[in-house]
Amino acid sequence: VFDPPGGRFVEISISDYGRGIAATLRDNPQNPSFSTDLEAIRTALMLGTSQYQQETRGTGLYHLLKIARRGRGTVQICSGTGVRRYRTDKNQEYTFTGAFVPGTHVTLSLNARR
């Protein structure tokens, strides 16, 4: 929990040191095609998109973005050379490319209730 002059917020982050979103999504031939890490991150946010061909998989990032929208928060996803940041409070999406980041890193930021 952070308490800067602009208002309190909570930030939750989780990371792994795996193969990354693009590599794992390519394991499932039913996934839509993509050619960059930025496109892979966008694809991973679609309901039902997963490394596996199971109906119950592919819901996590989709629902995380829904939670952020409800709380007018921010989700940032980094994988490979791509970074996508969704500022739901401003209905804006930012993309960045740069140095290779191994694995996947996801951060959720929400304004804290008073």
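The structure we're discussing is the one just above.
Notes on the structure follow. (Residues numbered from 1 in each chain as written. Predicted model: local features only at pLDDT ≥ 70, side-chain atom pairs only at ≥ 80, totals over all residues. Heavy atoms only, no water.)

1. Section: the side chain of threonine 104
Part 1 of the reasoning: With respect to the element layout, threonine 104 can be found in strand S3 (residues 92-111).
Part 2 of the reasoning: What makes threonine 104 buried here is its relative accessible area of 13%.
Part 3 of the reasoning: Threonine 104 has contacts with Ile14, Ser15, Asp16, Gly20, Ile21, Ile77, Cys78 and Ser79, leaving out every residue within four places of it along the chain. (Helix = DSSP H or I, 4+ residues; strand = E, 2+ residues; numbered from the N terminus. Buried < 20%, exposed > 50% of the residue type's maximum accessible area, 1.4 Å probe, protein only. Contact = heavy atoms within 4.5 Å.)

2. Describing the pattern of salt bridges
For side chains of opposite charge, pairing can occur when their charged atoms come near one another.
Part 1 of the reasoning: Within the structure shown, the criterion is met by 4 salt bridges.
Part 2 of the reasoning: Notably, a salt bridge pairs glutamate 93 with arginine 84, separated by 2.0 Å at the nearest N-O pair.
Part 3 of the reasoning: Given a relative accessible area of 39%, glutamate 93 falls into the partly exposed group.
Part 4 of the reasoning: Measuring nitrogen to oxygen at the nearest pair gives 2.7 Å for the salt bridge that ties arginine 87 to aspartate 89.
Part 5 of the reasoning: Sharing partners across several salt bridges, the network here consists of Arg42, Arg84 and Glu93. (Salt bridge = Lys/Arg side-chain N within 4 Å of Asp/Glu carboxyl O.)

3. Some words on the environment of cysteine 78
Part 1 of the reasoning: Considering the arrangement of structural elements, one finds cysteine 78 in strand S2 (residues 74-87).
Part 2 of the reasoning: Residues cysteine 78 and threonine 107, spaced 29 residues apart in sequence, show a C-alpha to C-alpha distance of 8.9 Å.
Part 3 of the reasoning: Leave out the neighbours within four places in its chain, and cysteine 78 touches Val83, Gly103, Thr104 and His105.

4. A word on the sheet that holds S2
Part 1 of the reasoning: Pairing in this open sheet of 3 strands is antiparallel, and the strands run S1-S3-S2 from one edge to the other. This sheet does not close on itself; its edge strands, each paired only once, are strand S1 (9-16) and S2. Within the sheet, the average angular offset between the axes of one strand and its neighbour, ignoring direction, is 20°.
Part 2 of the reasoning: Lying over the sheet, helix H2 (residues 37-44) contacts S2 and S3, oriented at roughly 45° with respect to S2.
Part 3 of the reasoning: In the packing of helix H3 (residues 60-70) onto the sheet, contacts are made with S2 and S3, and the angle to S3 comes to roughly 40°. (Pairing = 2+ DSSP bridges. Axes fitted to C-alpha atoms, helices over the stretch in contact; angles between N-to-C directions.)

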